[in-house]
Amino acid sequence: MAMTAANGILKQHSKQKNSRSEDVKVNGYHKKTQVKNGPGTGVANSLPRHEPFEQAPMYVAVMTYLGYGLVTLFGYFRDFLRAVGLEKCHVAQERSEQKDFVPLYQDFENFYNRNLYMRVRDNWNRPICSLPGPVFDLMERISDDYNWTFRFTGRTIPNVINVGSYNYLGFAENNVDFLKTVAEKTQEYGVGVCSTRQEIANLSLHQELEQLVANFLGLESSMAFGMGFATNSMNIPALVGKGCLILSDELNHTSLILGARLSGATIRVFKHNNMHSLEKMLREAICSGQPRTHRPWKKILIMVEGIYSMEGSVVRLPEILALKKKYKAYLYLDEAHSIGAVGPTGRGVTELFNVNAADVDIMMGTFTKSFGACGGYIAGKKVLVDYIRRHSHSAIYATAMSPPVTEQVIRAMKCIMGQDGGDEGIRRVRQLAENTRYFRARLKEMGFIIYGNDDSPVVPILLYMPAKVVAFAREMLRRKIGVVVVGFPATPITEARARFCLSAAHTRPMLDQVLHHLNEVGDMLCLKFSRRSLAPRPDLEDRTDFHTEE
Amino acid sequence: MALGDCWKQLSWFYYQYLLVTALYMLEPWERTVFNSLLISVAAMAVYTGYVFVPQHIMAILNYFEVVQ
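Given the structure is predicted, the values throughout are model-derived calculations rather than measurements. (Residues numbered from 1 in each chain as written. Chains lettered and ligands numbered in written order. Predicted model: local features only at pLDDT ≥ 70, side-chain atom pairs only at ≥ 80, totals over all residues. Heavy atoms only, no water.)

Enquirer: So what about the interface of chain B and chain A? Which residues, and what values?
Expert: Across the contact, 17 residues belong to chain B and 25 residues belong to chain A. Contact between chain B and chain A buries roughly 1,900 Å² in total, counting both sides, with carbon and sulfur atoms accounting for 72%. Together, Val 20, Tyr 24 and Met 25 of chain B form the three largest contributors to the area buried by chain B at its contact with chain A, with a combined 32%. One can count 3 salt bridges joining chain B with chain A. (Contact = heavy atoms within 4.5 Å. Buried area = accessible area lost by both parts, 1.4 Å probe. Salt bridge = Lys/Arg side-chain N within 4 Å of Asp/Glu carboxyl O.)

So this is what it looks like as structure tokens:
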């Protein structure tokens, strides 16, 4: 399928048999679309077909368990000392009048919190005292009693390179020229809207935003909400209810899971990105129907995400669309991390895979990550969006989006689409793609185990052992690089990782500095577990987009 | 010179040991407790070997009639 752009609006030419390459003009840049496997297969050539989730050597797993076991034993020992009274207890405790009631603080999560998290919690919730751009300032804090309490020394750590913020296109900026329209709209509309969309806060600005989002995605209509999490959790109950079936990916975000549970539909989980598992479940659902009555399901909704934030893997969109059409199910695509960040012009995974965006029934996304604002949207056919306007909790009860935030999204989207007259947007999209490819290639070369698709700007580096996770975060901060490390509740207990979020605002020298320090820290902490054979770097030499070279 | 290098290398090995066994996350007195436990167990194993292994070797050689 070929796509042409006119005034920033993408139009799909369906039923076009392309058997030779065609030059297509997108936003003033030529883009070659070649269909090698015949017409309309919807598979992008540059996308690697396999995403390896490499397993670490056996000794790593053994040592991870050993480390956790040892800390757990010491945890029991310290709990015993606290119970006996030899040690002062800093955590919340039950009152002595309540000791015959069911205990509140004995389950594993509280044990984990007291004895593992508290020891090392100086690596999380670090206070930032500047804009979270490509570099930021941290407030220096130290603890005198092993992280039970903190105090600020009064100094700041300036110019720490930020590889943890979701700032994919670098729109979290405080450049006065770029923010002129935001300031104007704030002066015009104020900051508070003081009502909900359905009552009296349906500003013309909101309608402009929704029209713009619909044009950006190439769909009929869209609706914007004030909070990304609430977009998922409050709208799914409006779409499905009891008697419907939700097939949700294993690694879906909490907002999707919460929305699914609130709706009252039956939820079945299929293995991550595994099409066989999904197909088996679809067939079984259609053959057996609802659990006791065997009536057919009212709706079958497949919920997937564009890019999964903890793995960096990309959904297999063409295959899911084929399954959806075959078994007459509906598809809900959450593009929180992929909108603006993947695809040649930043339109998300539908553009990455070269499929028609109208094939996805419900497209959801957030403005938090690539647009530097906050909020979310749901887009699709006009009948769907009109229904959601009337029936969604978020639309009826939640306060509308604030005007400066709305204008920030509008200006960011116009920048990406090229409607503000320049090529800043497309330059950023290409810079992000280039940064992603370079960073991932260099990391693989160095020998780290990283997960995820080669096109995704979310790069998790596996660290496995709990002490290495902590040492990694501290060492990187010492070298003035701010990373986000994630451990147990957010990831499986043996797969702790450091998650890097690349940005278009990162320059090549910054990335080189980060990679240099990563190399040193990797050697110092012995983190290079990969047993892959090192291939030469073909992707860096075979680039075809030299538009942004100076 | 060589002693300095040797000390650095040993220090690095101790750091790796702390990371792998997750002692890095514990407070210094807990590390002392664990290390003394480990060293005492290892010392007891070495002492037992020193006392009993010659006797075992002699018994084995006697069984195979290599030495009377």
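Enquirer: Lay out the packing of helix 7 (residues 275-288) of chain A against helix 8 (residues 317-327) of chain A in plain terms, naming residues and giving numbers.
Expert: For any two helices packed against each other, one specifies the crossing angle of their axes together with the interaxial distance. Residues and elements named next belong to chain A. At a closest axis distance of 11 Å, the pairing of helix 7 and helix 8 adopts a crossing angle of 10 degrees. One element, helix 7, and the other, helix 8, form an angle in the roughly parallel class. Residues Met 275, Leu 278, Glu 279, Leu 282, Arg 283 and Ile 286 of helix 7 form the contact with helix 8, whose participating residues are Glu 319, Ile 320, Leu 323, Lys 326 and Tyr 327. For the contact of helix 7 with helix 8, the residue count by class is 7 nonpolar, no polar and 4 charged. (Axes fitted to C-alpha atoms, helices over the stretch in contact; angles between N-to-C directions. Helix = DSSP H or I, 4+ residues; strand = E, 2+ residues; numbered from the N terminus. Parallel < 35°, antiparallel > 145°, perpendicular 65-115°, else oblique. Nonpolar A, V, L, I, M, F, W, Y, C, P; charged D, E, K, R; others polar.)

Enquirer: Quick one: what's the story with the sheet that holds strand 17 (residues 496-501) of chain A, residue by residue and with numbers?
Expert: Residues and elements named next belong to chain A. The strand order 14-17-16 describes an open sheet built from 3 strands, whose pairing is antiparallel. This sheet does not close on itself; its edge strands, each paired only once, are strand 14 (458-464) and strand 16 (484-486). Here the average twist between neighbouring strands, direction ignored, is 25 degrees. Of the pairings in the sheet, the one linking strand 14 to strand 17 comprises 6 bridges and is antiparallel in character. In the sheet register, Pro 460 faces strand 17, and the bridge partner there is Arg 499. Along the sheet, helix 13 (residues 424-446) makes contact with strand 14 and strand 17, crossing strand 14 at roughly 20 degrees. (Pairing = 2+ DSSP bridges.)

Enquirer: Which residues make up the UniProt feature "domain: Aminotransferase class I/classII large" (unreviewed entry) in chain A, and what values do they have?
Expert: In the numbering used here, UniProt assigns the feature "domain: Aminotransferase class I/classII large" (unreviewed entry) to residues 159-518 of chain A. Helix makes up 42% of residues 159-518 of chain A and strand makes up 16%, while its end C-alpha atoms are separated by 17 Å. (UniProt positions renumbered as here; feature names shortened; annotations may be inferred.)

Enquirer: Please provide a residue-by-residue account of a nonpolar patch on the surface, values included.
Expert: Residues and elements named next belong to chain B. On the surface, Val 53, Ile 57, Met 58, Ile 60, Leu 61, Tyr 63, Phe 64, Val 66 and Val 67 cluster together into a nonpolar patch covering about 900 Å² of accessible area. Within the fold, Tyr 63 resides in helix 2 (residues 28-63). Of the residues examined, Tyr 63 reaches a relative accessible area of 65% and is grouped as exposed. (Patch = residues over 30% accessible without salt bridge, like charges linked within 9 Å, V, L, I, M, F, W, Y side chains within 5 Å. Areas by Shrake-Rupley, 256 points an atom, 1.4 Å probe, with all protein chains shown as cover. Buried < 20%, exposed > 50% of the residue type's maximum accessible area, 1.4 Å probe, protein only.)

Enquirer: Tell me about the UniProt feature "transmembrane region" (unreviewed entry) in chain B, and name the residues and values.
Expert: Residues and elements named next belong to chain B. As recorded in UniProt, the sites labelled "transmembrane region" (unreviewed entry) are residues 12-27 and 33-53. Annotation note: span residues 12-27, helix share 56%, strand share 0%, distance between end C-alpha atoms 19 Å. With 100% helix and 0% strand, residues 33-53 has end C-alpha atoms that lie 30 Å from one another.

Enquirer: Got a sec to walk through the sheet that holds strand 5 (residues 135-142) of chain A? Specific residues and values, please.
Expert: Residue and element names in this part refer to chain A. Here we have 3 strands laid out as an open sheet, ordered 5-6-15, and mixed in their pairing. Looking at strand neighbours, the two that pair on one side only are strand 5 and strand 15 (481-482), the edges of this open sheet. Strand direction decides the pairing type here: strand 6 (residues 151-162) and strand 15, joined by 2 bridges, are parallel. Residue pairing for strand 15: Asn 162 is matched across the bridge by Gly 482.

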